[in-house]
Number of protein chains: 2
Amino acid sequence: MKKIDGGVCAAQGFTAAGVHCGIRRNPGKKDLSLILSSVPAAAAAVYTTNLVKGAPILLDKKHLANGVAQAVICNSGNANTCNANGLQIAEQMAELTAEALGISTEDVVVASTGVIGQPLDIAPIARGIPELAKLLSRDGSDAAAQGIMTTDTVKKEVAVEFELGGKICRMGGIAKGSGMIHPNMATMLVFITTDAAISPQMLRKALYFDVGSTFNMLSVDGDTSTNDMVVVLANGLADNRLIEDDEEDFAVFMKALNTVTMSLCRMIAGDGEGATKLLECVVDGARDEDTAKTVAKSVITSSLVKAAMFGADANWGRILCAIGYSGASVDVGRIDVSFRSPAGEIAVCRDGSGVPFSEELAKKILLEREIDILVSLKSGNACARAWGCDLTYDYVKINGDYRT
Amino acid sequence: MKKIDGGVCAAQGFTAAGVHCGIRRNPGKKDLSLILSSVPAAAAAVYTTNLVKGAPILLDKKHLANGVAQAVICNSGNANTCNANGLQIAEQMAELTAEALGISTEDVVVASTGVIGQPLDIAPIARGIPELAKLLSRDGSDAAAQGIMTTDTVKKEVAVEFELGGKICRMGGIAKGSGMIHPNMATMLVFITTDAAISPQMLRKALYFDVGSTFNMLSVDGDTSTNDMVVVLANGLADNRLIEDDEEDFAVFMKALNTVTMSLCRMIAGDGEGATKLLECVVDGARDEDTAKTVAKSVITSSLVKAAMFGADANWGRILCAIGYSGASVDVGRIDVSFRSPAGEIAVCRDGSGVPFSEELAKKILLEREIDILVSLKSGNACARAWGCDLTYDYVKINGDYRT
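Residues numbered from 1 in each chain as written. Chains lettered and ligands numbered in written order. Predicted model: local features only at pLDDT ≥ 70, side-chain atom pairs only at ≥ 80, totals over all residues. Heavy atoms only, no water.

Draft legend 1. Structural view of the overall build of chain A. Per the secondary structure count, chain A includes eleven helices and 15 strands. Taken against the 2.2 N^0.38 rule, which gives 22 Å for 404 residues, the C-alpha radius of gyration of chain A at 21 Å falls within 12% of a compact globule. If one aligns the C-alpha atoms of chain A with their principal axes, the spans along those axes are about 70 × 50 × 35 Å. The 404 residues of chain A split such that 64% are buried. A sequence separation of at least 24 residues applies to 80% of the contacts in chain A between residues at least 6 apart. Accessible surface, chain A: about 13,800 Å² in total, of which carbon and sulfur atoms supply 50%. (Helix = DSSP H or I, 4+ residues; strand = E, 2+ residues; numbered from the N terminus. Rg over C-alpha atoms; globule rule 2.2 N^0.38 Å. Buried < 20%, exposed > 50% of the residue type's maximum accessible area, 1.4 Å probe, protein only. Contact = heavy atoms within 4.5 Å. Areas by Shrake-Rupley, 256 points an atom, 1.4 Å probe, with all protein chains shown as cover.)

Draft legend 2. Seen up close, the packing of aromatic side chains. All names here are of chain B. Scanning all chains against the criterion turns up three aromatic pairs over all chains. The interplanar angle of 85 degrees and the centroid separation of 5.5 Å between the aromatic rings of Phe310 and Tyr393 together place this pair among those described as edge-to-face. Taken together, the residues span a long stretch of sequence, with Phe310 in helix α8 (residues 303-310) and Tyr393 in helix α11 (residues 393-400) at a distance of 83 residues. Judged by its relative accessible area of 24%, Phe310 is partly exposed. (Phe/Tyr/Trp six-rings, centres within 6.5 Å; stacked < 30°, edge-to-face > 60°.)

Draft legend 3. Region of the structure containing the relation of the copies chain B and chain A. Least-squares fitting of chain B to chain A yields an RMSD of 0.0 Å, with the transformation described by 0.0 Å of translation along the axis and a rotation of 180 degrees. What the superposition gives is, in effect, a two-fold axis relating one chain to the other. In terms of proximity to the rotation axis, the leading residue of chain B is Tyr393 of chain B, whose C-alpha is 2.5 Å off the axis. Counting the interface residues of chain B, we find that 100% of their copies in chain A are interface residues as well, pointing to one common contact surface. (Least-squares fit on C-alpha atoms with pLDDT ≥ 70 in both.)

Draft legend 4. Layout of the environment of Val231 of chain B. All names here are of chain B. For Val231, the position within the fold is in strand β9 (residues 229-234). When the C-alpha positions of Val231 and Gly172 are compared, they lie 12 Å apart, and in sequence the two are 59 residues distant. The residues touching Val231, leaving out its near neighbours within four places in the chain, are Ala44, Ala45, Val109, Val190, Phe191 and Ile192.

Draft legend 5. Representation of the sheet that holds strand β12 (residues 344-350) of chain B within the structure. Residues and elements named next belong to chain B. Taken in spatial order, the six strands line up as β13-β12-β11-β14-β10-β15 in an open sheet, and their pairing is mixed. Because the sheet does not close on itself, it has two edges, and the strands there are β13 (353-354) and β15 (382-389). When strand β11 (residues 336-341) meets strand β14 (residues 370-376), the two strands line up antiparallel, connected through five bridges. Looking at the pairing, Ser338 lines up with Leu374 of β14. Across the sheet, α8 touches β10 (278-286), β11, β14 and β15, and the angle it forms with β14 is around 135 degrees. (Pairing = 2+ DSSP bridges. Axes fitted to C-alpha atoms, helices over the stretch in contact; angles between N-to-C directions.)

Draft legend 6. Focus on the side chain of Asp372 of chain B. Inspection of the secondary structure puts Asp372 of chain B in strand β14. The contact partners of Asp372 of chain B, leaving out residues within four places of it in the chain, are Glu280, Ser338, Phe339 and Arg340 of chain B.

Draft legend 7. Up close: the sheet that holds strand β11 (residues 336-341) of chain A. Residues and elements named next belong to chain A. In space, the six strands of this open sheet follow the order β13-β12-β11-β14-β10-β15, with mixed pairing throughout. This sheet does not close on itself; its edge strands, each paired only once, are β13 (353-354) and β15 (382-389). Along the sheet, helix α10 (residues 359-366) makes contact with β11, β12 (344-350) and β14 (370-376), crossing β12 at roughly 120 degrees.

Draft legend 8. Structural detail: helix α2 (residues 86-101) of chain B. All names here are of chain B. Helix length check: α2 (16 residues) gives 23 Å between terminal C-alpha atoms against 22 Å at 1.5 Å per residue, within 8%. In this structure, the buried side of α2 is in contact with β3 (32-47), α1 (55-63), β4 (68-78), β5 (108-115) and α3 (122-135). Positive phi appears at Gly102, one or two residues downstream of α2, with a value of about 70 degrees. (Expected span 1.5 Å × (residues − 1).)

Draft legend 9. Expanded view of α3 of chain B. Residue and element names in this part refer to chain B. Helix length check: α3 (14 residues) gives 20 Å between terminal C-alpha atoms against 20 Å at 1.5 Å per residue, within 8%. Looking only at α3, the buried set comprises Ile122, Pro124, Ile125, Gly128, Ile129 and Leu132. With a side-chain oxygen lying 3.1 Å from the backbone nitrogen of Ala123, the N-terminal cap of α3 falls on Asp121. (Polar contact = N/O pair within 3.5 Å; in protein donor to acceptor, adjacent residues only side chain to side chain.)

Draft legend 10. Region of interest: the interface of chain B and chain A. If you look at the interface, chain B gives 54 residues, while chain A gives 54 residues. Note on chain B versus chain A: buried area summed over both sides is about 4,200 Å², and carbon and sulfur give 58% of it. In this assembly, chain B and chain A are joined by zero salt bridges. Inspection of the chain B/chain A interface yields three residue pairs in polar contact (both at pLDDT 80 or more). Only α8, α9 (317-324), β13, α10 (359-366) and α11 of chain B provide two or more residues apiece to the side of chain B that touches chain A. When residues of the side of chain B that touches chain A are assigned to their parent elements, the largest contribution, six residues, is made by α11 of chain B. (Buried area = accessible area lost by both parts, 1.4 Å probe. Salt bridge = Lys/Arg side-chain N within 4 Å of Asp/Glu carboxyl O.)

All quantities given are derived from atomic positions and should not be read as evidence of function.
Here you go:
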């Protein structure tokens with residue numbers, strides 16, 4: 001499993017592009033992206049569980065029902081959600097894309113991200129799509145990753161190379177996500193492409209399994225977005241033997257997928273709105289995996305824990321508090337808590353009570369950019385990880401007046 | 001139902017006091033409070049549902065099992081939670097109080113609030129209790145309310161006068177609560193006293209019913225505290241006929257209790273850590289009360305809604321989003337949303353989609369200190385209210401380094 005360049009265009013047969021079409025006022029900010037597979041690809045997706053759903057999600061469920069897709073069109077700057085004509089606009093986006101690319105409308109995946117509840121004008125998109133079609137290239141992942149960013153401060157892109165039955169396969173992904181992020185089936189927008197050959201059924205199985213320990217263990221602000229979606233396209237151009245069941249190759253494929261998703265998860269958490277730190281909560285010793293996940297998510301979601309991490313304050317009582325109200329059944333009197341970062345590791349709580357520790361060392365550890373919160377429940381063998389970020393002045397600033 | 005002065009000493013037979021005993025470094029900040037009824041009183045309490053519980057909670061459950069209490073001792077500055085010797089310290093607080101007042105140890109309610117996981121030294125408390133006993137007076141509510149404050153910026157105190165069978169009764173309360181506040185049975189510390197005569201059974205019934213629509217509908221930051229407690233003492237000195245069943249007097253008593261609790265709820269929400277605005281979400285037209293409550297709580301808890309309110313930004317899409325992920329089963333296509341404040345009222349969403357509105361008027365409405373978010377689900381007759389506050393820079397500041 002080797003990390004490589006190329007993002008969503010690393011796999012054979014995929015091209016991409018991103019342009020500024022005019023949804024956003026700032027001409028320097030790309031707002032429309034396109035990804036194309038040269039041949040129809042097996043496709044699987046997971047969607048937000050929010051009852052309020054972006055219009056594109058409704059369309060995509062229809063388009064992806066047959067497990068096949070060939071292109072993804074995505075705009076930023078407007079979520080096309082809670083608009084009376086939303087579905088019609090999403091359909092037009094698919095039709096215009098299909099027309100420009102000479103493919104079937106049903107093979108187009110549509111995504112939108114941005115403000116909720118403002119009508120989305122099709123005019124700039126209609127101008128942008130033919131332009132995108134012309135710009136499509138093997139070097140286009142960077143531009144496509146930029147075109148889907150909203151409050152993101154960094155572009156999120158990754159790719160890996162792996163082998164299936166002697167054939168070199170590649171998988172890459174881009175993501176956008178910074179606010180309105182909270183684990184629930186799928187969060188944020190993630191587009192993953194691979195040239196591995198895999199059946200739509202097995203692709204779906206791989207994705208559903210994977211998000212349970214990656215994107216669903218990620219929280220920036222506790223708000224589950226209306227437009228979240230993770231889509232994987234697998235076009236089979238690597239020429240490996242088609243993965244059709246739970247064989248060894250499927251395990252390798254799952255590992256590649258997990259490398260890509262875990263990497264994007266960490267990028268999203270680290271670039272959470274206003275974030276200065278990436279937090280990872282590692283829970284072990286749980287009686288079962290659900291307990292471990294519930295505890296890890298509760299810690300990473302607590303506003304008080306997040307604010308303490310911003311202040312590099314080893315206020316571990318808030319971690320115990322968040323475990324206590326998580327809803328998980330745990331033995332409070334057995335909990336150990338430590339903090340870890342490149343600057344070292346320090347134990348702060350043992351068997352549910354505080355232990356003396358060096359505030360100076362704790363501060364040093366918590367001043368780092370990536371912090372692990374280690375929780376041992378000492379009641380079993382299950383473990384889980386969750387990712388989040390600190391709560392900062394800038395989160396408030398960004399969200400205090402997002403629309404202007 | 002008339003609002004009166006006197007807080008927790010408004011009812012006959014109650015005295016109170018507050019002092020600085022030395023738990024906190026700042027000598028200007030009171031940190032120990034005492035409330036006494038001249039005779040044993042019927043008593044009822046609700047406690048936090050957090051599995052991590054402050055040591056005082058464990059003791060109080062024992063002391064209040066018989067439905068009788070006579071005094072409340074409460075310190076701020078240290079939660080006496082997650083300490084190996086916590087229960088022993090809480091027991092000592094009860095014993096020292098009983099000794100100083102010449103009452104039974106089992107009739108003392110103990111409460112602590114402040115940092116979790118730091119050993120609580122009994123020495124300053126042992127010095128403070130005899131001093132409090134000497135200072136007890138009918139004018140002591142103010143001092144007692146100050147002594148329980150942590151990050152609170154305003155003292156929370158209220159009292160009402162009402163009639164039961166021709167007898168004048170009084171009920172008053174004090175509260176502390178600013179952070180780590182999220183609805184779950186009981187949140188924050190609230191001490192309520194009344195001279196009405198009511199059986200412990202009916203007092204418990206009244207309290208349990210009331211918190212469902214008051215303190216459990218309040219959220220500052222989504223973190224359910226380890227030390228929350230609401231206690232009511234009813235000493236019967238008003239000489240009304242003892243309330244022993246669901247009679248008319250019970251309804252009057254419930255109304256008095258609700259006036260006191262609702263008033264304290266609004267004070268706590270409005271003084272949420274860093275808050276500049278009190279938010280009230282009013283949901284109507286729900287198919288049942290659970291749905292209405294779930295929706296109201298989800299809106300009031302959303303970090304994105306709270307940050308938008310701080311910025312006076314009419315970003316109603318975030319309200320739809322929070323309703324959508326609340327877990328309540330609602331028909332998204334029927335939802336109406338309006339904002340209301342002393343500056344006016346404005347509709348922003350109808351049948352789940354945006355309607356044109358004056359951004360100028362919306363801004364004016366949202367710049368006020370108290371804002372109502374009105375949600376109509378148009379699917380039934382049930383309604384609910386929840387209280388919260390905006391998310392501000394100061395919340396981050398207060399919680400970024402709370403312990404120093």
